[in-house]
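Structure at a glance
Each chain, letter by letter, is given below.
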Amino acid sequence: MTRHVIIGGDAAGLSAATQIRRLDPEADIIVFEKEDIISYAKCGLPYYIGGIIPEAEHLKALPPEVLREKFKVNLHTCSEVTAIHPWDKVITVRKNEKDEEHQYDKLLIATGARPRLPDWPGDKLKGVFPVNTMEDAVRISTWLEGKMAEKVVIIGGGYIGLEMAETLTHKGCKVTLLTKGAQLLNPFDPDMAKLAEEELKLQGVDVFVKEDVIELRGEGGCVKEVVTKTSSFPADMVIIAVGIIPNSELAIAAGIGTGLINAIEVNEKMETSVSGIYAAGDCATQYHMLKKTGDYIPLGTTANKQGNIAGYNMAGHEKLFPGVLGTAILKVFDLELARTGLNEDEARKLGLAFGCVVHRTKDHAGYYPDARKLYIKLLYSTDDNTLLGAQLVGYAGTKRIDTLATAITAGMTIEEVVDLDLAYAPPFSGVWDPVQQASRDILKSENRKKGM
């Protein structure tokens, strides 16, 4: 009987545990989770805070009793792994203020990530919150119910920052959003990210770029002001959403190799630099299919896939992780934004010869009622005419990003995208789908350059 020990009871860890059980009915599977809750949808936290999801329980994906009874997993909650001893194949676990040692044959590190919390004076004031755990969401909801949070400052212009701007505006707060960079949503190009900024302002959110926070000031122990290098902003509540850091300290202390921003480096089998130890999810690197190297793009979809791959290989069945394109989608009030592959800055840094087009169209046939504007930006290689990246912004139809992610994964040329047999009916698309319309723009542009 092989003993599989998994550190972390969320997406990657439990995907691995359940996959091991499917492949090996006799395996001994042990999961250690330092919190008292497992397996919940962190991406749903802003919507729980906003009341769209009425109960925190609705975010839970895999109840502990199902894990224990159906999958026969020995689950330990409130159990923090404090050390890994690779040469002895032993871990040290802190539970009930006592240390225990547990042997393993194969080990998976699925410790996730934590919010990046800059060391600002005043960061411990009441009313200052990250948005990373269920506990964070409950604390924010409690604060909103018990206090008059009329003025909220959100620090961070990424996915969580923008989703929280929508949530708190709907809760009746006056929201100010600050970001240190020159634009919101760094994975998008500036021209597309600008559309999100315009939507936020249209909905009453004050947006300030190039604002470098230096201090949080309070009164009576509660936050009252956010101070930047150039200005200050009144606040009854502050949300910090400036990114996350991989929880890789256990691995580093055990001599396991790390990569970008100290994420645990893994190969296509999710193996680390130490034999018998695997890593998956937000604590690990992800291979980027276009960059051809390890990257760090922590997303829930990837965590589940990497956990599944780790489970296969830990159970002795080879399965390889093909990599990621950074495909993502979000909603900001009425506006939708989606992206996949490379943006312009990434393509330039890779030294690629590329071109791009921005096509403005409608999400469905213009003569059919309620057609709404849709922007599609495509990046393509001028060497071989393959698709390198895509960004969609509009009020409907952005899930077409999946078609473009598929085309990039398959290495399709622009001509092949134009020739795809895509569905058409007036309520859904024009006779040429918007994906094909933008692709045809590329062909026309390239033909003009050739004098055709």
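Going by the structure above, here's the rest.
Only a predicted model underlies this, so the values are computations on that prediction, with no experimental measurement involved.

Thoughts on the state of the cysteines
Across all of its chains, the model carries zero disulfides by this definition. Cysteine cysteine 173 remains unbridged, with the sulfur of cysteine 222 as its closest cysteine sulfur at 15 Å. For cysteine 173, a relative accessible area of 9% puts it in the buried group.

Topic: the packing of aromatic side chains
Per the counting criterion, the structure on display carries two aromatic pairs. Between phenylalanine 129 and tryptophan 143, the aromatic rings sit 5.9 Å apart at their centres with planes inclined by 65°, giving edge-to-face as the arrangement. One end of the pair, phenylalanine 129, is in strand β9 (residues 128-130); the other, tryptophan 143, is in helix α4 (residues 134-146), with 14 residues separating them in the sequence. Each of the two residues, phenylalanine 129 as well as tryptophan 143, counts as buried. Look at phenylalanine 208 and phenylalanine 233: their rings are 5.0 Å apart centre to centre, the planes differ by 55°, and that puts the pair in the tilted class. With phenylalanine 208 in strand β12 (residues 206-208) and phenylalanine 233 in strand β15 (residues 232-234), the pair connects residues that are 25 residues apart, well separated along the chain. For arginine 440, the ring lying beneath its charged end belongs to tryptophan 432, and the centroid distance is 4.0 Å.

Looking at the pairing of strand β2 (residues 28-32)
Most of β2 sits inside the fold, with five of its five residues counted as buried. Residues Asp28, Ile30 and Phe32 of β2 are buried on one face, and the alternating residues Ile29 and Val31, pointing to the opposite face, are buried as well. Here strand β1 (residues 3-7) pairs with β2 via five bridges, running parallel. Directly across from arginine 3, in β2, lies its bridge partner aspartate 28. With respect to chirality, the unit in which β1 leads through helix α1 (residues 11-23) into the neighbouring parallel β2 is right-handed. Where β2 and strand β3 (residues 74-76) come together, three bridges link them in parallel fashion. When the sheet's bridge partners are listed, valine 31 is paired in β3 with leucine 75.

Some thoughts on helix α10 (residues 401-409)
Three or more residues of α10 are buried, namely Ile401, Leu404, Ala405, Ala407 and Ile408. The arc enclosing the buried residues of α10, seen along the axis, measures out at 160°, which places them on a common side. Tucked into the core, α10 has its buried residues touching β22 (335-341), β24 (373-381), β25 (387-394), α11 (414-418) and α12 (434-449). Just downstream of α10, glycine 411 is the residue with a positive phi angle, here 70°.

Looking at the nonpolar core
Ile84, Ile91, Leu108 and Ile109 are the most contacted members of the largest nonpolar core, which has 48 residues in total. Of all the elements, α1 adds the most residues to this core, at five residues. Not counting residues within four places of it along the chain, the set of residues in contact with isoleucine 84 comprises Ile7, Val90, Ile91, Tyr104, Leu107, Ile109, Leu250, Ala254 and Ile277. If you look at the next biggest cluster of nonpolar residues, it comprises 47 residues, including Leu144, Leu185, Leu195 and Tyr375.

A closer look at unusual backbone geometry
Of note, the phi angle at cysteine 78 is positive, near 50°, even though the residue is not glycine. Mapping cysteine 78 onto the fold places it in the loop between β3 and β4 (79-85). The phi angle at glutamate 97 is positive, at roughly 65°, despite the residue not being glycine. On the basis of relative accessibility, which here comes to 69%, the residue glutamate 97 falls in the exposed class.

Here's the deal with a nonpolar patch on the surface
A contiguous nonpolar surface patch, about 580 Å² in accessible area, is contributed by Tyr367, Tyr368, Tyr424, Val431 and Trp432. Mapped onto the fold, valine 431 is located in the loop between α11 and α12. Judged by its relative accessible area of 62%, valine 431 is exposed.

Some points on the side chain of lysine 377
Following the sequence through the fold, lysine 377 ends up in strand β24. Taking the relative accessible area as the measure of exposure, lysine 377 reaches 1% and is therefore buried. At a separation of 2.5 Å, a polar atom in the side chain of lysine 377 contacts the side chain of glutamate 344. Once you skip the residues sitting within four places of it in the chain, lysine 377 turns out to touch Asp189, Asp191, Met192, Glu344, Cys356, Val357, Val358, Gly389, Ala390 and Gln391.

As for the layout of surface pockets
Considered as a void within the structure, the second largest pocket measures approximately 220 Å³ in volume. Breaking the lining of the second largest pocket down by element, the ones donating at least two residues are β9 and α4. The element that contributes the greatest number of residues to the lining of the second largest pocket is β9, accounting for three residues.

A few points about the sheet that holds β4
Taken together, three strands build an open sheet; the order of strands is β4-β5-β6 and the sheet is antiparallel. Two strands close off the open sheet at either side, each with one partner strand: β4 and β6 (98-103). Strand-to-strand twist across the sheet, computed as the mean angle between neighbouring axes with direction ignored, equals 30°. Direction of pairing for strand β5 (residues 90-95) relative to β6: antiparallel, over a ladder of six bridges. Opposite lysine 95, over in β6, you have lysine 98 as the bridge partner.

Quick look at helix α5 (residues 159-170)
With twelve residues, α5 ought to run about 16 Å at 1.5 Å a step, and its terminal C-alpha atoms sit 17 Å apart, in line with that. With respect to burial, α5 is a largely interior element, nine of its twelve residues being buried. Taken residue by residue, α5 has Gly161, Leu162, Glu163, Met164, Ala165, Glu166, Thr167, Leu168 and Thr169 as its buried positions. The positive-phi residue at the C-terminal boundary of α5 is glycine 172, with phi of around 95°.

Conventions and cut-offs
Residues numbered from 1 in each chain as written. Predicted model: local features only at pLDDT ≥ 70, side-chain atom pairs only at ≥ 80, totals over all residues. Heavy atoms only, no water. Disulfide = S-S within 2.5 Å. Buried < 20%, exposed > 50% of the residue type's maximum accessible area, 1.4 Å probe, protein only. Phe/Tyr/Trp six-rings, centres within 6.5 Å; stacked < 30°, edge-to-face > 60°. Helix = DSSP H or I, 4+ residues; strand = E, 2+ residues; numbered from the N terminus. Lys NZ or Arg CZ within 6 Å of the ring centre and 35° of its normal. Pairing = 2+ DSSP bridges. Right-handed = clockwise from strand over helix to strand, strands pointing away. Arc of directions from axis to C-beta. Contact = heavy atoms within 4.5 Å. Core = buried A, V, L, I, M, F, W, Y, C linked by side-chain atoms within 4.5 Å. Patch = residues over 30% accessible without salt bridge, like charges linked within 9 Å, V, L, I, M, F, W, Y side chains within 5 Å. Areas by Shrake-Rupley, 256 points an atom, 1.4 Å probe, with all protein chains shown as cover. Salt bridge = Lys/Arg side-chain N within 4 Å of Asp/Glu carboxyl O. Polar contact = N/O pair within 3.5 Å; in protein donor to acceptor, adjacent residues only side chain to side chain. 1 Å grid on protein atoms, 1.4 Å probe; cavity = no way out; pocket = protein on both sides within 12 Å on 5 of 7 lines; lining within 4 Å. Points joined across faces, edges and corners; volume = space filled by probe spheres on them. Axes fitted to C-alpha atoms, helices over the stretch in contact; angles between N-to-C directions. Expected span 1.5 Å × (residues − 1).

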